[in-house]
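# Observations on chain architecture
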Amino acid sequence: MSERVSFITGSRAYGENYVTEDSDIDIVILAERETIADLFRLAFKDHGNNKLQFGKINLVTFNADDPDDVRRYDRWKEANDYLIFNKPKSKEEAIAKFRELDAESAYKRGRPE
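In this report, we go over the structure that sits alongside the text. Remember, predicted model here, so these are calculated numbers, not experimental data.

### Comments concerning the pairing of strand 4 (residues 57-63)
For strand 4, the tally of buried residues reaches six of seven residues, placing the bulk of the element in the interior. Relative to strand 4, strand 2 (residues 25-31) is paired through seven bridges, and the arrangement is parallel. Bridging from a neighbouring strand, Ala 31 pairs with Asn 63 of strand 4. Pairing geometry for strand 3 (residues 53-54) and strand 4, over two bridges, is antiparallel. Pairing of Gln 53 across the sheet is with Asn 58, part of strand 4. In this antiparallel pair of consecutive strands, strand 3 and strand 4, the connection spans two residues, and Gly 55 shows a positive phi of 60°.

Take a look at the structure:
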């Protein structure tokens, strides 16, 4: 993959068959560790949980300084792109595709170490 950019994922990107008005907006970002840590500090001010969330926006973060995390980002992007062009009928079908491409395990929730 030559260009790595942030992108919308989840039901807002490919879930037209099950997205609702209340659905969150999930955004994948590839950023330096320090930037991710700053985002977690800002999110925890308002939410106090282990989720990087700002209102209805959820950030799925991958560390650009970590080659393993960059590979995980690539797997997530591959699954996301597939689902955009092959719209799943349900959230469960989308999750199954992430599992098939080993992208589900790519997402690590929690503060950067």
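### Regarding the packing of helix 3 (residues 67-85) against helix 4 (residues 91-100)
It is the contact of helix 3 with helix 4, at a shortest axis distance of 9 Å, that shows an interaxial angle of 140°. Classified by the angle their axes make, helix 3 and helix 4 are oblique. Regarding helix 3 and helix 4, the two cross each other, and that crossing is right-handed. Where helix 3 abuts helix 4, its residues Trp 76, Ala 79, Asn 80, Tyr 82 and Leu 83 lie against Ala 94, Lys 97 and Phe 98. Tallied by class, the residues present in the contact of helix 3 with helix 4 amount to six nonpolar, one polar and one charged.

### With respect to the sheet that holds strand 4
Pairing within the open sheet is mixed, and its four strands lie in the order 1-2-4-3. In the strand order of this sheet, the two ends are held by strand 1 (7-9) and strand 3, each with one partner.

### Quick word on unusual backbone geometry
One non-glycine residue with positive phi stands out, namely Asp 102, at about 55°. Within the fold, Asp 102 resides in the segment after helix 4.

### Overview of the nonpolar core
Here is a general trend for soluble globular proteins: nonpolar side chains tend to be buried in one another's company. If you look at the biggest cluster of nonpolar residues, it comprises 13 residues, and the most contacted ones within it are Tyr 14, Val 28, Phe 62, Trp 76 and Phe 98. Listing elements by their share of this core, those giving two or more residues are helix 1 (11-14), strand 4, helix 3 and helix 4. Element by element, the count of residues in this core is highest for helix 3, at four residues. With eight residues, the next largest nonpolar core counts Ile 29, Ala 31, Leu 39 and Leu 52 among its residues.

Cut-offs used in this document
Residues numbered from 1 in each chain as written. Predicted model: local features only at pLDDT ≥ 70, side-chain atom pairs only at ≥ 80, totals over all residues. Heavy atoms only, no water. Buried < 20%, exposed > 50% of the residue type's maximum accessible area, 1.4 Å probe, protein only. Helix = DSSP H or I, 4+ residues; strand = E, 2+ residues; numbered from the N terminus. Pairing = 2+ DSSP bridges. Axes fitted to C-alpha atoms, helices over the stretch in contact; angles between N-to-C directions. Parallel < 35°, antiparallel > 145°, perpendicular 65-115°, else oblique. Left-handed = near helix turned anticlockwise from the far one by under 90°. Contact = heavy atoms within 4.5 Å. Nonpolar A, V, L, I, M, F, W, Y, C, P; charged D, E, K, R; others polar. Core = buried A, V, L, I, M, F, W, Y, C linked by side-chain atoms within 4.5 Å.

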